[in-house]
Amino acid sequence: MTTAPALIPELDDIVRRGDPKRRAEAARQVGELFLQGAANFRPDHIDLFDGVLTSLVPHAEVDARIDLAERLAVLGNAPRHLVGQLAHEDNIAIAGPLLRRSPVLDEPMLVEIANARGQGHLLAMAERPKLSTELTDVIVRRGDRDVIRCAAGNAGAAFSDDGFATMIRRAGQDGVLTLKIGRRDDLPPEHLKSLLAGSIDVIRRRLLDVVKPERQAEIKLAMSEIEGVIAAVEGRRDFAPAQRAILALHQAGKLNETALLDFAKSFKYEESVAALAAMTGVRILTLDRLISGDRYDPILIASKTIGLEWPTVRALIMMRLGPNRVPSSADIEGARVNFARLMPSTAQRVVDFWKSR
C-alpha cells in the first residue's frame, strides 16, 4: 500500500528539520492521504499516520486544521493522539467538531478537557449524543447558563443525583432551564418535587403544558404535595401580573438583585415578593404571609440565603412598611446588625422549613 514516506520521500527530514511552510504542506498531503484510505487502514497504519500528523498538523493553517477536524470527527478509526491534540486547541472552531461527536475521544480525555477548557468547549461537549454522569458532573459544575441549558435538554445525557441537584439550584434563577429539566424522562420524583418547589407558579403551569401526557400525573402529584392544590396563587393580593413580569425577567436572564432592588425602591410589593419567591424557592403565598406580618425577620432570613446586600435588604424593609411609614433610625440599625450577625446556614435551614410548608 501507499504510505506517507512514499508520498513524500523526504518526510522524515521535514518532520525533524523542515520549516513551518514545508511542514504545513506536508500535513495537508499526509492528512489527505489518510482521509482517502481511512476505511482500509489497519491499526498499525493508523498509528503511523498518528505519529506523523501530530508533529505536522500544528504547523498547518487554521482553516486547514478546521477542515481536518471536521472530517476526522465522523471517523471511528481516526488517529487517537491527533484527535486529542485538535480537541485541546483553544480555537473552538477546531476543537468543537471533535468534542461534539468524535467517537475516538474517550471518557478520561473528555473529562480532562472539560476540567481545563472554557465555556465553548463545554458547550460543544454538552451536544454529544451520549454524556456520562462523570462528564455531566463537570459540565454542570463549571458550565454557564447556555452550557447547562444545552446539557439539560440533551436526551442522551445522564446525570447523577448531585448533578440533578446542582441544575435544580441553578433553575431557581432560570425558567428556561426549569422547563428543560422538567421534561427529562429520567428525572427522579424527588428531584421533580424540588424543581417545582423552587419555581414560580407560572413556570409550573407552563411545565404542565409542555411535558408528555404520561408525565403530567407525576407533576400534578408533586405540585399537590407542595401546594395542596394545583391552582393559581390566591390570597389578599393579586400576584398574577407580578408573576408574568418575573417570568419575563427569568427568560431574559435579568432576574437579579438589581431588579429586586428596583421593585423595592418603587414600593412594588407584589413584584418584590414574587421576585424574592423565585430567587429563594419559597412559595409566594408563604412569603406574603410572612413578610406582611409584624416583624421584618423573614426579609432578613430570605435575603441572607441568596446573598443580598444590605441596601437591598433595607429597601425591602421600607417597601414592607409602605411609602407613608418611616421606621426609626434605631429600628433600621437594629435590623442591619441582626442581618450582619445572621449566619447563612441558619437562614437556609429556616427557608428550607418554609419550602416544606
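Residues numbered from 1 in each chain as written. Predicted model: local features only at pLDDT ≥ 70, side-chain atom pairs only at ≥ 80, totals over all residues. Heavy atoms only, no water.

## Quick notes on the overall build of the protein
Check the secondary structure of the protein and you find 24 helices and zero strands. Looking at the 357 residues of the protein, the share that counts as buried comes to 50%. Across the protein, contacts joining residues at least 24 apart in sequence account for 64% of those joining residues at least 6 apart. Here the protein displays about 17,200 Å² of accessible surface, and carbon together with sulfur accounts for 51% of that area. (Helix = DSSP H or I, 4+ residues; strand = E, 2+ residues; numbered from the N terminus. Buried < 20%, exposed > 50% of the residue type's maximum accessible area, 1.4 Å probe, protein only. Contact = heavy atoms within 4.5 Å. Areas by Shrake-Rupley, 256 points an atom, 1.4 Å probe, with all protein chains shown as cover.)

## Comments concerning the packing of helix α19 (residues 269–280) against helix α20 (residues 284–291)
The contact between α19 and α20 brings their axes to 9 Å, and the two run at 120°. On the basis of their axis angle, the class for α19 and α20 is oblique. The two elements α19 and α20 meet at a crossing, and its hand is right-handed. Here Y269, V273, A274, L276, A277 and T280 of α19 lie close against α20, whose contacting residues are I284, L287, D288 and I291. (Axes fitted to C-alpha atoms, helices over the stretch in contact; angles between N-to-C directions. Parallel < 35°, antiparallel > 145°, perpendicular 65-115°, else oblique. Left-handed = near helix turned anticlockwise from the far one by under 90°.)

## Quick look at the pattern of salt bridges
All told, the structure shown has 12 salt bridges when counted by the stated rule. A salt bridge links R42 to D44, with the shortest nitrogen-to-oxygen separation between them at 3.0 Å. You can call R42 partly exposed: its relative accessible area is 47%. Overall, the relative accessible area of 42% leaves D44 in the partly exposed class. In this structure, R295 and D297 form a salt bridge, with 2.9 Å as the shortest nitrogen-oxygen distance. When salt bridges that share partners are traced, they join E32, D67 and R71 into one network. (Salt bridge = Lys/Arg side-chain N within 4 Å of Asp/Glu carboxyl O.)

## Here's the deal with the packing of aromatic side chains
According to the stated counting rule, one finds five aromatic pairs in the structure shown. The ring of F339 has K304 sitting right over it, with the charged end atom 4.2 Å from the ring centre. (Phe/Tyr/Trp six-rings, centres within 6.5 Å; stacked < 30°, edge-to-face > 60°. Lys NZ or Arg CZ within 6 Å of the ring centre and 35° of its normal.)

## Description of the packing of helix α12 (residues 161–171) against helix α13 (residues 175–182)
α13 packs onto α12 with a crossing angle of 145° between their chain directions and a minimal axis gap of 8 Å. Residues M167, I168, R170 and A171 of α12 form the contact with α13, whose participating residues are G175, L177, T178 and I181. Class assignment of the residues belonging to the contact of α12 with α13 gives a composition of five nonpolar, two polar and one charged. (Nonpolar A, V, L, I, M, F, W, Y, C, P; charged D, E, K, R; others polar.)

## Things to note about the layout of surface pockets
Quantified by volume, the largest pocket comes out at close to 370 Å³. Taken together, 16 residues line the largest pocket, and the ones lying closest to its centre are I168, R169, S194, G198 and K355. Mapped onto the lining of the largest pocket, the elements with two or more residues apiece are α12, α14 (189–197) and α19. With four residues, the single largest contributor to the lining of the largest pocket is α14. (1 Å grid on protein atoms, 1.4 Å probe; cavity = no way out; pocket = protein on both sides within 12 Å on 5 of 7 lines; lining within 4 Å. Points joined across faces, edges and corners; volume = space filled by probe spheres on them.)

## Examining the environment of A124
Residue position: A124 is located in helix α9 (residues 119–126). Not counting residues up to four positions away in its chain, the partners in contact with A124 are I92, G96, L99 and R100.

## Structural notes on the side chain of T280
For T280, the location among the structural elements is in helix α19. The exposure class of T280 is buried, given its relative accessible area of 7%. When residues no more than four places from it in sequence are discounted, the contact partners of T280 are L287, A302, T305, I306, V351 and K355.

## As for α13
Burial analysis of α13 places six of its eight residues in the buried class, which makes it a mostly covered element. You can read the cap of α13 off the contacts: a side-chain oxygen lies 3.1 Å from the backbone nitrogen of V176, and it is on D174. (Polar contact = N/O pair within 3.5 Å; in protein donor to acceptor, adjacent residues only side chain to side chain.)

## Focus: the side chain of R149
With respect to the helices and strands, R149 occurs in helix α11 (residues 145–152). Classification of R149 as buried rests on a relative accessible area of 13%. Looking at R149, its side chain comes within polar contact range of the side chain of D174, at 2.9 Å. Dropping the residues within four chain positions of it, R149 is found in contact with D174, V176, L177, K180 and Q251.

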